[in-house]
Amino acid sequence: MSGILLITQFVFAALIAVVVLLQKSSSIGLGAYSGSNESLFGAKGPAGFLAKATFVLGFVFVINTIALGYFYSQESARSVIDKVDTKALVPSSAPAAPLDN
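Residues numbered from 1 in each chain as written. Predicted model: local features only at pLDDT ≥ 70, side-chain atom pairs only at ≥ 80, totals over all residues. Heavy atoms only, no water.

**Let's talk about the overall build of the chain**
When helices and strands are tallied, the chain shows two helices and zero strands. Burial status across the chain gives 13% buried among its 101 residues. Sequence separation of at least 24 residues holds for 76% of the intrachain contacts in the chain that already meet a minimum separation of 6. Accessible surface, the chain as shown: approximately 8,500 Å² in total, 69% of it carbon and sulfur. (Helix = DSSP H or I, 4+ residues; strand = E, 2+ residues; numbered from the N terminus. Buried < 20%, exposed > 50% of the residue type's maximum accessible area, 1.4 Å probe, protein only. Contact = heavy atoms within 4.5 Å. Areas by Shrake-Rupley, 256 points an atom, 1.4 Å probe, with all protein chains shown as cover.)

Below is the structure:
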C-alpha cells in the first residue's frame, strides 16, 4: 500500500509544480500582501480555476503525506526478526552420526 501512496506522492508533487507554474505572476514581490486586486486577499480572491486546483491538489497532497507516514510507521513497528522462522533455527534432537576413525 505504501508503494502506491509513494508513487501518487510523486505524481501530486509534479502536478502541483505544473499548476503553480501555470499561474499568472503578479511580479510585485512582498507588495502582494498590500491588498491589491491581484493578491490572494484582494477584491477578486481565489476565484480562478488554477487557484482552486492548487488548493485541492495541496489538500490531497497533505492527506496523502499523512497516510504515507501512517503506513510507514506501521511497517517500521514490525521487525525483520519477526519474519524469521525460529523453529528452523533450533537444532534437531536427533543423535549425531558417529565419527569414522
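Structure shown, so let's carry the discussion forward.
**Some remarks on the side chain of N64**
In this fold, N64 is placed in helix α2 (residues 49-76). Residues within four places of N64 in sequence aside, it is in contact with L5, T8, Q9 and F12.

**Concerning helix α1 (residues 2-22)**
In this model, α1 (21 residues) spans 30 Å end to end at C-alpha, consistent with the 30 Å of a helix rising 1.5 Å per residue. Along its buried surface, α1 packs onto α2. (Expected span 1.5 Å × (residues − 1).)

**Structural notes on the nonpolar core**
Within the largest apolar cluster, five residues are counted, these being F12, I16, V19, A53 and L57. At the level of elements, α1 and α2 are the ones that each hand at least two residues to this core. Broken down by element, the residue count for this core peaks at three residues, all from α1. Residues in contact with F12, not counting those within four places in the same chain, are L57, V60, F61 and N64. (Core = buried A, V, L, I, M, F, W, Y, C linked by side-chain atoms within 4.5 Å.)

**A closer look at the side chain of S2**
Following the sequence through the fold, S2 ends up in helix α1. When residues no more than four places from it in sequence are discounted, the contact partners of S2 are L68, F71, Y72 and E75.

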